[in-house]
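Residue-level structure breakdown
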Amino acid sequence: MNTETVAPLGYPEAAEKGLKGGALGLLSSVVVGMASTAPAYSLAASLGLVVAMGGDNPVGVKAPAVMLLAFIPMYFIAIAYQELNKAEPDCGTTFTWAARAFGPKSGWLGGWGIIAADVIVMANLAQVAGAYSFTFVGEVGSILGQDWSGVADLSGSTLWSTVAGVLWIAIMTYICYRGIEVSARLQYALLGIEVLVLVVFAAVALFRVYTGAAEGYSLTPELSWLVPSGMEFGPVLAPALLTAFFIYWGWDTAVTCNEESDDPGKTPGRAAVISTLLLLATYALVSIAAVAFAGVGTEGVGLGNPENSADVFAAIGPDLFGDSALGKLGLILLAASILTSASASTQTTILPTARTALSMAVFRALPRNFAKIHPRFLTPTWATVGMGLVSAAFYVLFTLVSQSLLLALIGSVGLMIAFYYGLTGFVCAWFYRKTLTKNPRDLVMQGIIPTAGGLVMMATFWYGLFTFLQPDNLTDDNGDPITLFGFGAVGVVGILALCLGLVLMLGWRARAPEYFRGETLPKRGAHELVLAGPHVDGTAVRLPDSGLPEIVIAPDLSNLPAGASAYSFDEDAIVAEGENPDRTTPA
């Protein structure tokens, strides 16, 4: 990192938090962003739910249209992330930005939304990774001519799947603890396997459909599958979109790792937008192929069959690939893709949560221990290990209460996603509110698009919450409603997660009020000037609070210290240069 590059003081940069700056380039950031979404696992666990959403008037063959429609607000929010990251590339993302725009309480709840969503989804990821570990070993045994069916049968054991799931959490926590570069290198391999198998799956399915070698229940793809018509918003489309949001969710990890990228202000935002576009192509292709081959019936391998909702690929795989040697290889690769997808996402779910907690601790919105950085690996220590421990405990707790609750978590995560993504959209428009009319580009990219994304997210949140609270919204394999306190478990878990955050926020405010008084992270907008200063050596290890305090400079520069410079977020440039031989303006 160039030690003479001018940057605004006030937001702690990579060196000031102790993270390893310059570790991720654009490709690495895109890989991390895509791997965080776990494409194979997300489709396996959610596509069946999307197809069946709506009860008597289900989404059905319109599932690809839901994927396309869900992409639009996701892309809008990715634009909001990109614009906000230009102004303040802080690893706290929504936490930091919301505090800047709306104040400490909004920022804290935004950060909690990220943490809650990640902890909740870890239970589902661990369950899938644990079960598929045994399935994969069993499939490998069959290709080798060995009878390892006993191992494969352990995938249906709650005890052993839970043990394996907790072990996966421990392994991935350790990898995240060892450093961001180790994590990124592992993601190259895991994501490569995952995407390759998904493309092969889609190609084989579509080839069999168009050559007439498919099954009797198969369907020929139509353009109407991509048109979201004939679906009521409240009872059908809103909950389907929340589930689809879960499928896309995760690309923001690329932005959360902004302080470890080669260009914190540009690379993460670009990676987020590129990730969403690549995910759209992947999900559209695979969802069309799956609907075409398996159909949307409620029996057999049909995607509308409730017994297949937990894992549509496990249901489709045997019929698609057959029992030949080549078919068994296809099944092994399919199991491998789900396993690598869930394990990769387990790792990349820990990354953003740890960094969000790190940023919150730096600004004293959480206990200071969460701001500790490993002196060698340059990763958050307490935040990373804490995320692993809390996730494992949450997973075991939900497994003990009811195995069926794990299925309800997907919709609950969708509520958390809609909450903090929607908040980010509104934050972007408000942060740039006084500079939006400077040119048409800023009006669209910093105002209209983020606001539209926020409105869609929030509307979906409220309509989806109402639907998820209905007692008969989700049923188990026996057709019994999955409820908590007499209401739909999906909605209740979402409400409890938000209420828990509110209670924790009030408790921490009483104990450490500095952050909530705006002393550590004050409000500001893009129109304000801040004191400018040099970056420091990115390889140095410094205490999290070693950065200088922020000083907002008056428009007339009346409070600009002698020899100092003022930086404008709006113009991304020094607007007033003081006489200081140790500071240079950027080229």
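Residues numbered from 1 in each chain as written. Predicted model: local features only at pLDDT ≥ 70, side-chain atom pairs only at ≥ 80, totals over all residues. Heavy atoms only, no water.

1. Quick word on the overall build of the protein
Heads up, the condition is: Secondary structure elements follow DSSP: runs of H or I no shorter than four residues count as helices, runs of E no shorter than two count as strands, and numbering proceeds from the N terminus. Only protein chains enter the area calculation, which uses a 1.4 Å probe; residues under 20% of their type maximum are buried, those over 50% are exposed, and those in between are partly exposed.
The secondary structure content of the protein amounts to 18 helices and seven strands. Residues counted as buried form 58% of the 587 residues belonging to the protein.

2. Here's the deal with helix α15 (residues 382-401)
Condition: By definition here, a helix of n residues has an expected span of 1.5 Å times n minus one.
Over its 20 residues, α15 extends 28 Å from the first C-alpha to the last, a length consistent with the 28 Å expected when each residue adds 1.5 Å. Within the span of α15, buried status applies to Ala 383, Thr 384, Gly 386, Met 387, Gly 388, Ser 391, Ala 392, Phe 394, Tyr 395, Phe 398 and Thr 399.

3. Let's talk about the confidence of the model for the protein
Stated formally: Every residue carries a pLDDT, the predictor's confidence in it, which falls somewhere between 0 and 100. Residue contacts are defined here by distance: any two heavy atoms, one from each residue, within 4.5 Å place the two residues in contact.
For the protein, mean pLDDT is 82; residues scoring 70 or higher make up 85% of the total. Mean pLDDT values over the elements of the protein span from 36, in strand β1 (residues 6-8), up to 94, in helix α5 (residues 94-102). In this model, residues 533-550 is a region of pLDDT below 50 whose contacts with residues beyond four sequence positions or in other chains number 46 contacts. Of the regions scoring below 50 in pLDDT, residues 579-587 engages in 17 contacts with residues more than four places distant in sequence or in other chains.

4. As for the nonpolar core
Worth spelling out the cut-off: Here, the term nonpolar core denotes a set of buried Ala, Val, Leu, Ile, Met, Phe, Trp, Tyr and Cys residues that are joined through side-chain atoms within 4.5 Å.
Ranked by internal contacts, the top residues of the largest apolar core, which has 166 residues, are Trp 108, Phe 313 and Tyr 421. Setting aside residues up to four positions removed in sequence, Phe 313 forms contacts with Ala 40, Leu 43, Ala 44, Leu 198, Phe 201, Val 286, Leu 334 and Ile 338.

5. A few points about the packing of aromatic side chains
Put simply, the test is: By convention, a stacked pair of Phe, Tyr or Trp rings (six-membered ring in the case of Trp) has centres within 6.5 Å and planes under 30 degrees apart, an edge-to-face pair has planes over 60 apart, and any other such pair is tilted.
A complete count under the given rule lists 22 aromatic pairs for this structure. Note on Tyr 420 and Tyr 421: the rings are 4.9 Å apart at their centroids and 70 degrees apart in plane angle, and the pair reads as edge-to-face. On the basis of relative accessible area, Tyr 420 is assigned to the buried category, the value being 0%. Put simply, the rings of Tyr 81, Trp 97, Trp 251, Tyr 420 and Tyr 421 pair up and form one aromatic cluster.

6. Here we look at the state of the cysteines
Put simply, the rule is: In what follows, a disulfide is any cysteine sulfur pair within 2.5 Å.
Tallied over the entire structure, the rule returns zero disulfides. Unpaired in this structure, Cys 176 has its nearest cysteine sulfur neighbour in Cys 257, at a distance of 9.0 Å.

7. Quick look at helix α12 (residues 267-294)
For an α-helix the count is 3.6 residues per turn, leaving residues at separations of three or four pointing the same way. Spanning 28 residues, α12 covers 40 Å between terminal C-alpha atoms, matching the ideal 40 Å at 1.5 Å per step. Of all 28 residues making up α12, 21 are buried, and the element is well covered by its neighbours. Phi turns positive, to about 75 degrees, at Gly 295, one or two residues after α12.

8. Brief notes about the environment of Thr 356
Secondary-structure assignment places Thr 356 in helix α14 (residues 325-362). Taking the C-alpha atoms as reference points, Thr 356 and Ile 114, 242 residues apart in sequence, are found 7.7 Å from one another. Setting aside residues up to four positions removed in sequence, Thr 356 forms contacts with Cys 91, Gly 92, Gly 111, Ile 114, Ile 115 and Thr 256.

9. Details of unusual backbone geometry
The backbone of Thr 93 sits at a positive phi, close to 40 degrees, despite the residue not being glycine. As for its position among the elements, Thr 93 is in the loop between α4 (63-87) and α5. Overall, Thr 93 belongs to the buried group, its relative accessible area being 1%. In this structure, Phe 485 is a non-glycine residue whose phi angle is positive, near 60 degrees. With respect to the secondary-structure elements, Phe 485 resides in the loop between β2 (483-484) and β3 (487-488).

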